[in-house]
Amino acid sequence: ERLKDERVLIVGENCGPVARAYGLAKALEVSEFGKRHPSLFPRRREVENPPTLDDDDGPVKAVLFFEDPEDLGEALQVVLDVILTNGDPSGKRVLVED
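Residues numbered from 1 in each chain as written. Predicted model: local features only at pLDDT ≥ 70, side-chain atom pairs only at ≥ 80, totals over all residues. Heavy atoms only, no water.

## Regarding the overall build of the chain
Alright, step 1. Broken down by element type, the chain carries three helices and three strands.
Alright, step 2. Beginning at the N terminus, the succession of helices and strands in the chain can be written as β-α-β-α-β-α.
Alright, step 3. Put simply, the chain has 98 residues, and 35% of those count as buried.
Alright, step 4. Taking all contacts inside the chain whose residues are at least 6 apart in sequence as the whole, residues at least 24 apart take part in 56%.
Alright, step 5. A total of about 6,500 Å² of accessible surface is found on the chain, and carbon and sulfur atoms cover 50% of it. (Helix = DSSP H or I, 4+ residues; strand = E, 2+ residues; numbered from the N terminus. Buried < 20%, exposed > 50% of the residue type's maximum accessible area, 1.4 Å probe, protein only. Contact = heavy atoms within 4.5 Å. Areas by Shrake-Rupley, 256 points an atom, 1.4 Å probe, with all protein chains shown as cover.)

What follows is the structure in C-alpha cells.
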C-alpha cells in the first residue's frame, strides 16, 4: 500500500506485469530501467531507439526482489547504482562512510 504510487525497481525476469498487478503502478523491471539509463550497464544496450528518460517520475523508492534476475551482472550494477544515488542514477552519488 505504501509503495503503490512510488517508483519501484523490480528484480526478476518478466515480473514487472506481476508487480503492477499487485498495485505497484510505477514498477519497472531492471531491464526496463536499464534501457532508460543505458550508461548504467552499457554492455547490454542493443536497443536502436532507446526510450526517453522518465526521471520526472521521481527517484526509485524501493528495490523488490521477485525472483532470480535474467542477467545477474546487470541487476547487481543497476541496483547498486540506484542505492548509491538515493534512487536517482542521473543525480550525484552518495558517499558511504564507515
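## Notes on helix α3 (residues 72–84)
Alright, step 1. Over its 13 residues, α3 runs 18 Å from end to end, which matches the ideal 18 Å to within 8%, given 1.5 Å per residue.
Alright, step 2. Listing the buried residues of α3 in full gives Glu74, Ala75, Val78, Val79, Asp81 and Val82. Along α3, the residues classed as buried sweep out an arc of 160 degrees about the axis, all on the same side. Along α3, exposed side chains directed more than 90 degrees from the buried face belong to Leu72 and Ile83.
Alright, step 3. Those residues of α3 hidden inside the fold are in contact with β1 (7–11), α2 (30–36) and β3 (60–65).
Alright, step 4. The N-cap of α3, judged by a side-chain oxygen 3.0 Å from the amide nitrogen of Gly73 a few residues on, is Asp71.
Alright, step 5. Two residues or fewer past α3, Asn86 is found with a positive phi of approximately 55 degrees. (Expected span 1.5 Å × (residues − 1). Arc of directions from axis to C-beta. Polar contact = N/O pair within 3.5 Å; in protein donor to acceptor, adjacent residues only side chain to side chain.)

## Here's the deal with the sheet that holds β1
Alright, step 1. Across the sheet, three strands lie side by side as β2-β1-β3; this open sheet has parallel pairing. Of all strands in the sheet, those bounded by a partner on one side alone are β2 (26–29) and β3. Looking at each pair of strands side by side, their axes are set apart by 25 degrees on average, direction ignored. (Pairing = 2+ DSSP bridges. Axes fitted to C-alpha atoms, helices over the stretch in contact; angles between N-to-C directions.)

## Quick look at the environment of Ser39
Alright, step 1. In this fold, Ser39 is placed in the loop between α2 and β3.
Alright, step 2. Residues Ser39 and Val78 lie 39 residues apart in sequence; the distance between their C-alpha atoms is 9.8 Å.

Any link to function would need more than the numbers given here.
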